[in-house]
Amino acid sequence: MFFSIMQNPMIFKTFELIVFQASFLNLVFIGKQGVGKGTYAQRLKTEFGIPQISTGDLLREEIKSGSELGKKLEAIMNSGSLVPDEIVIKMFEKRIQQGDAEKGFILDGFPRTENQAKTLDSLMKKTRKKIDLVLNFIAPDKVLLERLTGRRQCRQCGTIYHIKNVRPKIDGICDKCSGQLYQRDDDKEEAIRKRWGLYEKQTKPVLSFYKKQKKIVEIDASKEVSEIYPNIIKTLKSKKIIG
Ligand code: AMP
């Protein structure tokens, strides 16, 4: 019965569409600060309708709320250190349970330690999901430093600009909401170098963790966005993660 139905091209097409829409697209983005993970996650979000979950953004929201926890987080983040696992994991678990993450998600900035990767794995198993692919974005330090130290963010709506590459119409003012643009303390060279040092030490075990699972692909992130994004899509297609 099933096979005779599936031989009907019209019904088969509908079935294929339903399966595609119901399927998951669970990605992890890894890479040093400045490789552009957030930019590509945003574009995939728009194209596939799945949320970008950035632990950096979740932590910044907590800071914005003015809570006691937020004050502690601000000091840790401004120093370039990683926020303790128990705080990040708790926030992440709460976020991943929201309805919009049912269809899939792009994790940007999580997991950053081996302990976080293991927690994510058991969380996936519990909910009968899996991480489809881990994209490791790579670019030389010199390129990344120029990108990061030139980055400016809107205090009001969070839009990101760059003093050379993505300039606002009026210097220091957001095009979207007229908010004031500022340089995040963690985008200053000293903090960046500290974060990179930590990255080497703490995030590399995360790469080994996913290498063992054969889930990692490398993406050359030194090129222009217009070249990198199509390359991501090509990679997802070649791994049969998207059709
Ligand atoms: P990001 O916006 O991803 O560059 O994150 C900014 C800062 O938030 C980092 O330098 C860390 O202090 C903190 N942070 C973000 N994600 C994590 C994480 N998964 N584990 C620990 N700290 C994090």
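Residues numbered from 1 in each chain as written. Predicted model: local features only at pLDDT ≥ 70, side-chain atom pairs only at ≥ 80, totals over all residues.

With antiparallel pairing, three strands are arranged side by side in an open sheet as β6-β5-β7. Every other strand in the sheet has two partners, leaving β6 (160–162) and β7 (181–182) as the edge strands with one partner each. Relative to β6, strand β5 (residues 151–154) is paired through three bridges, and the arrangement is antiparallel. Along β6, the bridge assignment pairs Arg 151 with His 162. (Pairing = 2+ DSSP bridges. Helix = DSSP H or I, 4+ residues; strand = E, 2+ residues; numbered from the N terminus.)

We now examine the sheet that holds strand β3 (residues 104–108). Strand order in the open sheet made by the five strands is β2-β3-β1-β4-β8, with parallel pairing throughout. Unpaired on one side and paired on the other, β2 (52–54) and β8 (216–220) mark the two borders of the sheet. This sheet shows a mean twist of 25° between the axes of neighbouring strands, independent of strand direction. Looking at chain direction, strand β1 (residues 25–31) and β3 are connected through five bridges and run parallel. Residue pairing across strands places Phe 29 opposite Asp 108, the latter belonging to β3. Of the strands in this sheet, β1, β2, β3 and β4 (133–138) touch helix α3 (residues 37–48), which is tilted by about 170° from β3. (Axes fitted to C-alpha atoms, helices over the stretch in contact; angles between N-to-C directions. Contact = placed C-beta atoms within 7 Å.)

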